[in-house]
Amino acid sequence: MNAGATLRMLDRADKEIMKLTRADIGAVYEFMHKFRNNPENPGLNLKSLNGDARLMSARVSKDYRALLLHIAERDYLLVAVKHRSEVYEDLTRYAYRINRVTGGIEVVDLEPVGDSIIGRVVPPEAEPAPTPKPLFDAFTDAQLIELGVSEPLLPQIRELTSEAELLALLDRAPQLTTDVLFALFDGKSYDEVLQQITEPVRAEEAVDPEDFEAAMERPATQVTSDDEALQAMLGESFERWQIFLHPTQRKLVERRYNGPARVGGGPGTGKTIVALHRVAHLARQLPPGSGKPILLTTFNRNLAADLRTRLMALGGQELVSRVDIINIDRLASRVVSEAKTAGTRRVVDDNQVPELWSQFLIETGESGWDAEFLAAEWTQVILGQVLNSRADYFKARRPNRGRPLTRVERDQIWQLTERFTSWLEGQGVWTWRQVAQRAARLEMDRAAATGSGESSGSHYRPRYRHIVVDEAQDLSAAHWKMLRAMVAPAQDDMFLTGDTHQRIYDNHVTLSSLGINIRGRSSRLTLSYRTTRQILADALQLMTGEVYDDLDGGQEDLAGYRSLLRGGKPTFRGAATWAQERDLIVGQLAAWGSPTDGSIAICVPTKGLAADVIARLQAEGLPAVEIGSDGPKHPDGIHVGTMHRFKGLEYQRMIIAGVSDGLVPRQMISRYRDSDPKRYQRERQRDRSLLFVAATRPRDELAVFWHGTPSPFLTSRLVQRQLA
C-alpha cells in the first residue's frame with residue numbers, strides 16, 4: 001500500500017488558482033486531496049521536468065497542470081498551476097532557489113510565453129529613440145543580492161528602464177524582490193532599504209542554500225498546508241490575508257518573546273491582521289481545555305465586534321471559544337461588577353466630564369480653578385495613574401500636563417476631586433475612567449494577594465495566560481495597570497499593536513512606568529496594503545513637522561512607510577463658502593458615478609457639518625447614511641460622519657470636507673496657545689492625527705475640500721495642486 005505525501009502550497013500559487021473558474025478551483029482541490037493520499041496515482045502523471053529531479057509536474061485536469069517542487073522523500077510544494085499549453089518538457093525558464101537573506105524558497109518564472117517582458121510592455125518605437133538609462137544602474141549586483149533580490153532575475157532587472165517594465169516584472173517576482181526594487185525606485189538609499197526592508201526578514205540563523213527542508217520551515221516560505229484554504233476559496237468566503245502573511249508579519253506572529261512585545265506601523269500595514277494571527281498562534285500552543293486563557297481587547301466597541309468576526313473567519317468556533325474578545329471598558333466594567341462594588345450607578349461617557357466639573361464648580365461656588373483643567377487632571381493623572389491618596393498624588397509625575405503645580409495647589413486639587421467624586425455618587429453616575437480605575441485597583445489588589453500568599457491559588461490565579469491588544473495607543477494608564485495585573489509576567493504574556501500617529505484620544509502613557517517593558521521587543525511594519533502610493537504620499541505630508549512618541553519614552557516616525565498599490569493623485573480643492581463646498585461634494589460624487597453601495601464616504605470635522613451634508617445629499621435624491629457610535633446604520637448608501645467615526649473603517653473612495661482653518665484644528669484650542677502651550681500642542685497633534693486617520697481610510701481615490709482659508713495642516717504643495 002502506498003504511503004501518503006505532504007503537499008503544501010506556496011503563497012504565489014494562489015494567484016493562478018484564484019484566476020480559475022470555480023470548477024477548475026474545485027479540480028485543484030481534488031488534485032491536492034488525491035496527491036496527499038497517493039502521489040503515485042497513475043492518473044496524476046507525476047514526472048520530473050527537464051531532467052531536474054526536484055522540479056516536477058502533475059495532472060490537475062484535462063487543461064491544467066501543477067508545478068511541484070520535491071522537497072524531501074514524500075514532501076512536496078505546489079508552486080504554480082498552469083494551463084497545459086504552457087507546460088513544456090523543457091522548462092528552463094523556471095528557476096528555484098533558497099534566498100540567501102531570508103532563507104525562504106523562491107520560484108521564479110524567468111521567461112513568460114511569447115516575447116520577453118520588455119517586448120510585452122513597451123511597443124516597438126516607430127523611430128529610433130535615445131536609449132533610456134536603466135532604473136537600477138546605480139546599484140551593483142552584489143548590493144542587490146545583499147538586499148535580498150532574487151539572483152535569477154538580475155539579468156532582466158538590468159534591462160528595466162521604465163516604471164511599466166518594473167511593474168510587469170514584479171507581478172511575478174518574489175515578495176522581497178518586489179519590496180526592495182519598489183523602495184529603490186522610490187528613491188530610498190541602499191542603507192535605508194537594508195535597514196527598513198531587508199533586515200526585518202533576514203533569517204536568524206545561517207542559511208544553507210541546499211537545505212530545502214529547513215527552508216520550508218522558515219517564515220519566508222509562505223505556505224499553507226491543509227485543504228481548508230482551497231475549500232474556502234471554492235466557497236468564495238476567504239480573503240487572501242486569512243491564509244498568508246508577509247514574511248515580516250509571520251516572523252512577528254510566530255516569534256517567542258521573553259516578555260511584552262509591541263508591533264507598530266502606519267495605517268493599512270496589517271497590525272490588526274498580525275494581532276489576529278498572533279492570537280491564533282498562541283491558541284494553537286494551548287493545552288486542551290474549555291476556558292479562555294487568551295484575551296483579545298481594544299478600545300473601540302466597533303473594533304472589538306469586528307475582531308470577533310474576523311477571528312471567527314480565520315480560525316472558526318473552536319479557536320474563538322478559547323479567546324475572550326471584549327472591548328477594554330466592558331472588560332473593566334465586568335471586573336467591577338464581579339466585585340459588586342458599583343451599586344446601581346449609571347456610567348456616562350468621559351467626554352461629559354468637563355461639563356460635569358463645570359456644573360459641580362457652579363453648584364459649590366468654587367471659582368479658583370478652570371473646569372477643563374480639573375477634568376483633565378482628574379482623568380489623566382489621578383484616575384489614569386490609579387492614585388488612591390493625597391500622598392500618592394503629591395509624588396505623581398504629570399507628563400504632558402503642561403502647567404506645573406505647587407504642593408499647596410496639589411492639595412487643593414485633591415480635596416476638590418474628593419468632593420467631586422462624592423458629588424458624582426450623589427448624582428448616581430460615574431465615568432468610564434472611574435470604572436477603569438476601580439477595575440485596575442481590584443486587579444492589582446488581587447495580584448498582590450496572590451503574591452503574598454494571602455489566598456488560595458485556585459481563587460487568585462491570573463485571569464489570562466496571554467493578552468493581545470489592538471490599537472494600543474488608545475488605552476489609558478489605568479487600562480494598562482489593569483491588564484498588567486491580569487497576566488503574570490512571563491514569556492509571551494502581552495502582545496500589543498498600534499500606531500501613535502493615529503492616537504485620537506488624549507491618552508499618553510509610558511508603558512515601562514506601568515510595569516510593561518517592551519524595550520528590545522518593539523517592531524515596526526512599513527508596507528501598506530490598504531491605500532495607493534499617491535494617497536499615502538499626500539497623507540504623509542499632512543504629518544509634516546509633528547513628533548510622536550513610541551509608548552515608551554522614545555520617538556516614533558513613519559520612515560520607510562510605503563505602498564505597492566498605484567492610483568490617481570488625490571484631489572485638493574477650495575471654495576469661498578461652505579455652501580459652495582457642498583456643491584464641490586455633489587460634483588465629486590457625480591464624477592465618481594454617485595455609487596450608493598457603501599463604497600463611498602464623506603468625512604467632516606463636526607456633527608453640524610455632517611447634518612448639512614446629509615441634508616444636501618437627500619435634497620439631491622442621494623441616500624445618505626450617518627455613521628454613529630456603532631458604525632454605519634446601513635451598509636449601503638453614501639456614508640457620512642465625523643472624523644472620530646472613521647477609526648477602523650475602509651472605503652473605496654472618500655471625500656474629506658471642511659478641512660478649513662478653525663475647523664481643522666479646532667478654533668477653541670487656540671486659547672491654550674499662551675496659557676498652556678503643552679496642552680495646545682497635544683490638542684493640535686490630536687486633530688492632526690484625526691485628519692491623518694481619515695486620509696488613510698480610502699483604498700483608491702481621495703478628495704479633500706475646504707472653504708475659506710485651508711487648514712494649516714495642508715501644506716502649500718497640496719493647496720497649490722488645485723491650481724494645476
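That block above? That's the structure.
The rules behind each value
Residues numbered from 1 in each chain as written. Predicted model: local features only at pLDDT ≥ 70, side-chain atom pairs only at ≥ 80, totals over all residues. Heavy atoms only, no water. Helix = DSSP H or I, 4+ residues; strand = E, 2+ residues; numbered from the N terminus. Buried < 20%, exposed > 50% of the residue type's maximum accessible area, 1.4 Å probe, protein only. Contact = heavy atoms within 4.5 Å. Areas by Shrake-Rupley, 256 points an atom, 1.4 Å probe, with all protein chains shown as cover. Expected span 1.5 Å × (residues − 1). Arc of directions from axis to C-beta. Bend = angle between axes of the 7 residues up to and from the residue. Polar contact = N/O pair within 3.5 Å; in protein donor to acceptor, adjacent residues only side chain to side chain. Core = buried A, V, L, I, M, F, W, Y, C linked by side-chain atoms within 4.5 Å. Patch = residues over 30% accessible without salt bridge, like charges linked within 9 Å, V, L, I, M, F, W, Y side chains within 5 Å. Salt bridge = Lys/Arg side-chain N within 4 Å of Asp/Glu carboxyl O. Lys, Arg positive; Asp, Glu negative; His and termini not counted. Charge placed at Lys NZ, Arg CZ, Asp CG, Glu CD. Pairing = 2+ DSSP bridges. Axes fitted to C-alpha atoms, helices over the stretch in contact; angles between N-to-C directions. Phe/Tyr/Trp six-rings, centres within 6.5 Å; stacked < 30°, edge-to-face > 60°.

## Description of the overall build of the protein chain
Phase 1 of the analysis: Within the protein chain, the secondary structure is distributed over 27 helices and 27 strands.
Phase 2 of the analysis: For the protein chain, the residues scored as buried account for 54% of the 724 residues in total.
Phase 3 of the analysis: Taking contacts inside the protein chain between residues at least 6 apart in sequence as the whole, the part at least 24 apart equals 74%.
Phase 4 of the analysis: In the form shown here, the protein chain has an accessible surface area of approximately 31,600 Å², with 48% of it arising from carbon and sulfur atoms.

## Considerations on helix 14 (residues 328-339)
Phase 1 of the analysis: Between its terminal C-alpha atoms helix 14 stretches 17 Å, which fits the 16 Å expected from twelve residues at 1.5 Å a residue.
Phase 2 of the analysis: Along helix 14, the positions that sit buried rather than exposed are Ile 328, Asp 329, Leu 331, Ala 332, Val 335 and Val 336. Looking straight down helix 14, one finds that the buried residues subtend no more than 160° of arc, so they occupy a single side.
Phase 3 of the analysis: In the stretch just after helix 14, Lys 340 is the one whose phi turns positive, near 55°.

## As for helix 13 (residues 301-320)
Phase 1 of the analysis: The terminal C-alpha atoms of helix 13 lie 18 Å apart, and with 20 residues this falls more than 12% below the ideal 28 Å at 1.5 Å per residue.
Phase 2 of the analysis: At Leu 314, helix 13 shows its strongest bend, of approximately 95°.
Phase 3 of the analysis: Buried residues belonging to helix 13 abut helix 12 (271-284), strand 10 (294-298) and strand 11 (323-327).
Phase 4 of the analysis: The N-terminus of helix 13 is capped by Asn 300, whose side-chain oxygen sits 3.2 Å from the backbone nitrogen of Leu 303.

## Some words on the nonpolar core
Phase 1 of the analysis: With 33 residues, the main nonpolar core has Leu 331, Trp 480, Met 482, Leu 483 and Leu 496 as its most contacted residues.
Phase 2 of the analysis: Counting residues per element, the ones that place at least two in this core are helix 14, helix 19 (432-452), strand 14 (466-469), helix 21 (477-486) and strand 15 (494-497).
Phase 3 of the analysis: Take this core: its biggest share by element is six residues, from helix 21.
Phase 4 of the analysis: If sequence neighbours within four positions are ignored, Leu 331 has contacts with Leu 295, Ile 326, Tyr 464, Met 482, Leu 483 and Met 486.
Phase 5 of the analysis: By size, the runner-up hydrophobic cluster in this structure holds 32 residues, among which are Leu 542, Tyr 548, Met 654 and Trp 706.

## Regarding a negative patch on the surface
Phase 1 of the analysis: A cluster of acidic residues, Asp 208, Glu 210, Asp 211 and Glu 213, forms a negative patch on the protein surface.
Phase 2 of the analysis: In this fold, Asp 208 is placed in the loop between helix 8 (190-198) and helix 9 (212-216).

## Topic: the pairing of strand 5 (residues 75-83)
Phase 1 of the analysis: With eight of nine residues buried, strand 5 lies mostly within the body of the structure.
Phase 2 of the analysis: The pairing of strand 1 (residues 6-10) with strand 5 spans four bridges and is classified as parallel. Across the sheet, residue Met 9 finds its bridge partner in strand 5, namely Leu 78.
Phase 3 of the analysis: Connecting the antiparallel pair strand 4 (residues 64-72) and strand 5 is a turn made up of two residues.

## Observations regarding the pairing of strand 25 (residues 637-642)
Phase 1 of the analysis: A large share of strand 25 lies buried, amounting to six of its six residues.
Phase 2 of the analysis: Of the strand pairs in this sheet, strand 23 (residues 624-628) and strand 25 are connected by three bridges, and their pairing is parallel. Among the inter-strand pairings, Val 625 is bridged to a residue of strand 25, identified as His 639.

## Quick look at unusual backbone geometry
Phase 1 of the analysis: Here the residue pair Val 664 and Pro 665 is connected by a cis peptide bond, since its omega of 0° sits within 30 degrees of zero.
Phase 2 of the analysis: As for its position among the elements, Pro 665 is in the loop between strand 26 (651-656) and helix 25 (672-675).
Phase 3 of the analysis: Phi at Val 386 is positive, roughly 55°, even though this residue is not glycine.
Phase 4 of the analysis: Structurally, Val 386 can be placed in the loop between helix 16 (371-383) and helix 17 (390-395).
Phase 5 of the analysis: In this model, Ser 594 sits at a positive phi of 45°, which is unusual for a non-glycine residue.
Phase 6 of the analysis: Relative to the assigned elements, Ser 594 resides in the loop between helix 23 (578-591) and strand 22 (597-604).

## Overview of the pattern of salt bridges
Phase 1 of the analysis: For the structure shown, the criterion picks out 37 salt bridges.
Phase 2 of the analysis: Residue Glu 650 pairs with Arg 530 through a salt bridge whose shortest N-O separation is 3.3 Å. Of this pair, Glu 650 sits in the loop between strand 25 and strand 26 while Arg 530 sits in the loop between strand 17 (527-528) and helix 22 (533-541), and the two are 120 residues apart along the sequence.
Phase 3 of the analysis: When salt bridges with common partners are traced through the structure, they connect Arg 97, Arg 100, Glu 106 and Glu 151 into a single cluster.

## Description of the environment of Arg 521
Phase 1 of the analysis: Take Arg 521: it is sitting in the loop between strand 15 and strand 16 (522-525).
Phase 2 of the analysis: Taking the C-alpha atoms as reference, Arg 521 lies 9.7 Å from Phe 495; in sequence the two are 26 residues apart.
Phase 3 of the analysis: In contact with Arg 521, other than residues within four places in its own chain, are Tyr 257, Asn 258, Gly 259, Pro 260, Ala 261 and Arg 262.
Phase 4 of the analysis: Within the local environment of Arg 521, its side chain forms a polar contact with the backbone oxygen of Pro 260, the two atoms lying 2.7 Å apart.

## Focus on the sheet that holds strand 10
Phase 1 of the analysis: In spatial order, the strands read 11-10-14-15-9-16; together these six strands make up an open sheet with parallel pairing. Where the open sheet ends on each side, the last strands, each with one partner, are strand 11 and strand 16. Between one strand axis and the next, the sheet turns by 15° as a mean value, whatever way the strands run.
Phase 2 of the analysis: Direction of pairing for strand 14 relative to strand 15: parallel, over a ladder of three bridges. Within strand 15, the residue paired with Val 468 across the bridge is Phe 495.
Phase 3 of the analysis: Strands in contact with helix 11 (residues 247-254) are strand 9 (261-265), strand 15 and strand 16; relative to strand 16, the strand with the most contacts, it is inclined by about 155°.

## Quick word on the packing of aromatic side chains
Phase 1 of the analysis: According to the stated counting rule, one finds 14 aromatic pairs in the structure shown.
Phase 2 of the analysis: Considering the side-chain rings of Tyr 96 and Phe 212, the 6.0 Å spacing of their centres and the 65° angle between planes classify their relative orientation as edge-to-face. Note that Tyr 96 is positioned in strand 6 (residues 94-98) and Phe 212 in helix 9, a separation of 116 residues in sequence.
Phase 3 of the analysis: Taking 5.6 Å as the distance between ring centres and 90° as the angle between the ring planes, the aromatic pair formed by Trp 357 and Phe 360 counts as edge-to-face.

## As for the sheet that holds strand 5
Phase 1 of the analysis: With mixed pairing, six strands are arranged side by side in an open sheet as 2-3-4-5-1-8. The two strands at the open ends of the sheet, each matched to only one other strand, are strand 2 (47-49) and strand 8 (223-224).
Phase 2 of the analysis: In terms of strand pairing, strand 2 meets strand 3 (residues 52-59) through three bridges, oriented antiparallel. Each bridged residue has a counterpart across the sheet, and for Ser 48 the counterpart in strand 3 is Met 56.
Phase 3 of the analysis: Across the sheet, helix 2 (residues 22-37) touches strand 1, strand 3, strand 4 and strand 5, and the angle it forms with strand 1 is around 145°.

## Some points on the side chain of Asp 687
Phase 1 of the analysis: Within the secondary structure, Asp 687 is located in helix 26 (residues 677-695).
Phase 2 of the analysis: Its relative accessible area of 6% is what places Asp 687 among the buried residues.
Phase 3 of the analysis: Polar side-chain contacts of Asp 687 include one of 2.9 Å to the backbone nitrogen of Arg 666.
Phase 4 of the analysis: In this structure, Asp 687 is in contact with Pro 665, Arg 666, Ile 669 and Phe 713, ignoring residues within four places of it in sequence.

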